[in-house]
Amino acid sequence: MSRIEEAVDKMAAYVCDRVCRYRADDSLDQERLEDICAECEMGDHVCHILNEHIRATAGKGRKSPPLWKDRMMDRFLQMR
């Protein structure tokens, strides 16, 4: 994992764990919370940041990795 991926991963984990309003709702069971997380736009924003980083660094002598296409929320759900 690159440094930018690590930084974005930490940022998204912080937002999901500390800022998300649904985390504080004790009436939600784990299954419902996972459904809400799956619909969250955070993964799209993370992919956009990483794709922009790839575009910005392309052509500077670095091999460009493939663009992020999949939502990253699966990664965050697996970390819990």
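Residues numbered from 1 in each chain as written. Predicted model: local features only at pLDDT ≥ 70, side-chain atom pairs only at ≥ 80, totals over all residues. Heavy atoms only, no water.

**Some words on the overall build of the protein chain**
Inference 1: What the protein chain contains, in helices and strands, is four helices and zero strands.
Inference 2: For the protein chain, the N- to C-terminal ordering of α and β elements is α-α-α-α.
Inference 3: Counting over 80 residues, the protein chain shows a buried share of 25%.
Inference 4: Restricting the contact set of the protein chain to residue pairs at least 6 apart, pairs at least 24 apart contribute 63%. (Helix = DSSP H or I, 4+ residues; strand = E, 2+ residues; numbered from the N terminus. Buried < 20%, exposed > 50% of the residue type's maximum accessible area, 1.4 Å probe, protein only. Contact = heavy atoms within 4.5 Å.)

**What to know about the nonpolar core**
Inference 1: Val8, Ala12, Cys16, Met42, Val46 and Leu50 form the largest nonpolar core, which has six residues in total.
Inference 2: Going through the elements one at a time, helix 1 (3-19) and helix 3 (42-57) are the ones with two or more residues in this core. (Core = buried A, V, L, I, M, F, W, Y, C linked by side-chain atoms within 4.5 Å.)

**Side note on the pattern of salt bridges**
Any two side chains of opposite charge can pair, given that their charged atoms come close.
Inference 1: With the rule as written, the count across this model stands at one salt bridge.
Inference 2: The salt bridge involving Glu52 is made with Arg55; its shortest N-O contact spans 3.1 Å. One end of the pair is Glu52 and the other is Arg55, both in helix 3 and three residues apart, which spans about a single turn.
Inference 3: Note on Arg55: relative accessible area 47%, which makes it partly exposed. (Salt bridge = Lys/Arg side-chain N within 4 Å of Asp/Glu carboxyl O.)

**Describing the packing of helix 1 against helix 3**
Inference 1: Two numbers describe how helix 1 lies on helix 3: the axes approach to 11 Å, and their chain directions differ by 160 degrees. As summarised for this structure, helix 1 and helix 3 are arranged roughly antiparallel, according to the angle between their axes. Where helix 1 crosses over helix 3, the handedness of that crossing is right-handed. Facing helix 1, whose interface residues are Ile4, Glu5, Val8, Met11, Ala12, Val15 and Cys16, helix 3 presents Met42, Val46, Ile49, Leu50 and His53. (Axes fitted to C-alpha atoms, helices over the stretch in contact; angles between N-to-C directions. Parallel < 35°, antiparallel > 145°, perpendicular 65-115°, else oblique. Left-handed = near helix turned anticlockwise from the far one by under 90°.)

**A closer look at helix 2 (residues 30-39)**
Inference 1: Turning to helix 2, its buried residues number three or more, namely Leu33, Ile36 and Cys37. Projected down its long axis, helix 2 carries its buried residues within an arc of 100 degrees, all on one side. More than 90 degrees from the buried face of helix 2, the exposed residues found are Glu31 and Glu39. (Arc of directions from axis to C-beta.)

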